[in-house]
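# Analysis of the macromolecular model
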Amino acid sequence: MMKNLQFYVSSQEPTVFKFPHFLLVQIKWNDFGRRTSFRFYYCDLAKEYHLIGMLKIIHMKESDTSSVIPKAFTQLPDEFCSLGQDIEFYENLSKIDNFDINDVLDCLNDVAFNPGIRDSFQNTSNFQNSLIRYSEAEKALRQAKIILEKVNIEKRFMFNYRCLLPNAAQHHEVEFNFGDMTELPNNIIALIGKNGTGKTKFLAQLALDLSGHSRKLLDKETFSPSRPLFSKIIAVSYSIFDKFSRPEKGRSFSYQYCGIKSKDGRLLSEEKIIENNKEALKIISEIGREILWYNSLKPILGKESTVRYYTEIFNNNNFDFLQSDEYDKLSSGHRYLMYVITQI
């Protein structure tokens, strides 16, 4: 990270500060009682102030950011995150010389450029009701990084991936095209091959290389035309024989593993699997995705059974229903699919 980036917070226009610096000027506007809005300035060595745009900063728990945010900082504490409120904010910031935009956004715990940070906040009421309250802010959350990286939005998920697996005589190379295809849904690609040809290892290495956590240096042919800007990888594996490295979730990348093994590779107990399921169901309830869960399970369990689970878990807040006799009647296949869908 670039050093000597200085940020100040003020309720009025600045007077005397260290130059150059960034300034956050509090705005009285509130979102349902939440005071999170600031005008964000850059001040150069000539002491001229340049308005970058509107920035919102939320705290993990507190609703009034201005009362708890440090008045001066070089790195926003972990209990805060921020988001520019439109694409123009990021475009203006990128035009300022003398600093790297990624360094500034990292210091601000920006969630558009740091999906790992976003994961920690996205289920909070401050995130939903203030940070992305307006459509322009949600657009910035999803597209700011893509636009500034000058990636063709229509082709951002069309790429070739090439890697050399252990004990392989030659490279494996696959074309991924998540564009407009008519033959199959454009968000599904299947790898087909004989046993032992390296399908699992190939996908595991792809996840590592996408995350930037691979231990090997990537050459220019690993991704072509360039590495796609995936912000999150969800790996689903329920085979007891699968062995692959999992990248650690960081500030700039989010990796989620859904399966039956712990971080150290041991099989989870039935009690732990039920506990994980309960926690996932609570999150589904908190972020309002109960209907999506219901519609996903209905073709698998049938309407009558799915209604019963929905009613007990979400209407009656009975998460212990997963330990009831009713749950024990489900086949192993039904339990497996319920766990997969719930975790995803």
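That block above? That's the structure.
A few points on the structure. Values in this document were obtained by computation on a predicted structure and should not be read as measured data. (Residues numbered from 1 in each chain as written. Predicted model: local features only at pLDDT ≥ 70, side-chain atom pairs only at ≥ 80, totals over all residues. Heavy atoms only, no water.)

Turning our attention to the pairing of strand β4 (residues 49–59). Across seven bridges, the pairing between strand β3 (residues 37–43) and β4 is antiparallel. Across the sheet, the residue bridging to Y41 is L51, located in β4. Hairpin connection of β3 to β4: five residues between the antiparallel strands, including K47 at a positive phi of 65°. (Pairing = 2+ DSSP bridges. Helix = DSSP H or I, 4+ residues; strand = E, 2+ residues; numbered from the N terminus.)

This brings us to the pattern of salt bridges. Overall, the coordinates contain 13 salt bridges when judged by the stated rule. Between E221 and R162 there is a salt bridge; the shortest N-O distance is 2.9 Å. Remark: R162 occurs in strand β7 (residues 158–163) and E221 occurs in the loop between α6 (199–211) and β9 (223–224); sequence separation between them is 59 residues. In this structure, the salt-bridge partner of E326 is R308, at a minimum N-O distance of 2.7 Å. Note that E326 is positioned in helix α10 (residues 325–328) and R308 in helix α9 (residues 303–315), a separation of 18 residues in sequence. The partly exposed category is assigned to E326, whose relative accessible area is 23%. Overall, the relative accessible area of 31% leaves R308 in the partly exposed class. Linked through salt bridges whose partners overlap, the residues forming this network are D31, K56 and R133. (Salt bridge = Lys/Arg side-chain N within 4 Å of Asp/Glu carboxyl O. Buried < 20%, exposed > 50% of the residue type's maximum accessible area, 1.4 Å probe, protein only.)

With respect to topology, six strands assemble into an open sheet ordered β5-β1-β2-β3-β4-β6, the strand pairing being mixed. Pairing within the sheet leaves two strands with one partner each, and these edge strands are β5 (72–73) and β6 (80–84). The strands touched by helix α1 (residues 87–94) are β2 (21–26), β3, β4 and β6; relative to β4, the strand with the most contacts, the crossing angle is about 130°. (Contact = heavy atoms within 4.5 Å. Axes fitted to C-alpha atoms, helices over the stretch in contact; angles between N-to-C directions.)

So, about the sheet that holds β9. An order of β8-β7-β9 is seen for the three strands of this open sheet, with the pairing classed as antiparallel. What marks the edges here is a single partner per strand, and that holds for β8 (172–177) and β9. In this sheet, β8 lies alongside β7 in antiparallel orientation, the contact comprising six bridges. Bridge assignment links N160 to a residue of β8, and that residue is E175. Contacting β7, β8 and β9, α6 crosses the sheet at an angle of about 110° to β7.

Along the chain, G198 falls in the loop between β8 and α6. Taking the C-alpha atoms as reference points, G198 and P166, 32 residues apart in sequence, are found 9.2 Å from one another.

Right, let's get into a nonpolar patch on the surface. On the surface, a cluster of nonpolar side chains totalling about 260 Å² of accessible area is made up of I234, V236 and I344. Looking at the secondary structure, you find I344 in the segment after α11 (332–343). In this structure I344 comes out as exposed when scored by relative accessible area, which is 56%. (Patch = residues over 30% accessible without salt bridge, like charges linked within 9 Å, V, L, I, M, F, W, Y side chains within 5 Å. Areas by Shrake-Rupley, 256 points an atom, 1.4 Å probe, with all protein chains shown as cover.)

Counting through the fold element by element, N277 comes out in helix α7 (residues 270–286). Here N277 falls in the buried class, since its relative accessible area comes to 1%.

Running from amino to carboxyl end, α7 crosses α11 at an angle of 45°, the nearest separation of the two axes being 9 Å. In terms of their interaxial angle, α7 and α11 are classed as oblique. Our pair here, α7 against α11, has a crossing hand that is left-handed. Counting all contacts with α7, which are made through E270, I273, N276, N277, A280, L281 and I284, the residues of α11 involved are R335, M338, Y339, T342 and Q343. Classifying every residue of the contact of α7 with α11 by side-chain character gives six nonpolar, four polar and two charged. (Parallel < 35°, antiparallel > 145°, perpendicular 65-115°, else oblique. Left-handed = near helix turned anticlockwise from the far one by under 90°. Nonpolar A, V, L, I, M, F, W, Y, C, P; charged D, E, K, R; others polar.)

Bringing unusual backbone geometry into the picture now. Cis geometry marks the peptide bond from S224 to P225; its omega dihedral reads 5°. Although it is not a glycine, N317 adopts a positive phi angle of roughly 55°. With respect to the helices and strands, the residue N317 is situated in the loop between α9 and α10.

It is worth spelling out α7 at this point. Compared with the 24 Å implied by 1.5 Å per residue over 17 residues, the 25 Å span of α7 between its first and last C-alpha is a close match. Burial in α7 covers these residues: I273, I274, N277, K278, A280, L281 and I284. One side of α7 holds all its buried residues, which, seen down the axis, span an arc of 170°. Every exposed residue of α7 that faces more than 90 degrees away from the buried side is listed here: E271 and E286. (Expected span 1.5 Å × (residues − 1). Arc of directions from axis to C-beta.)

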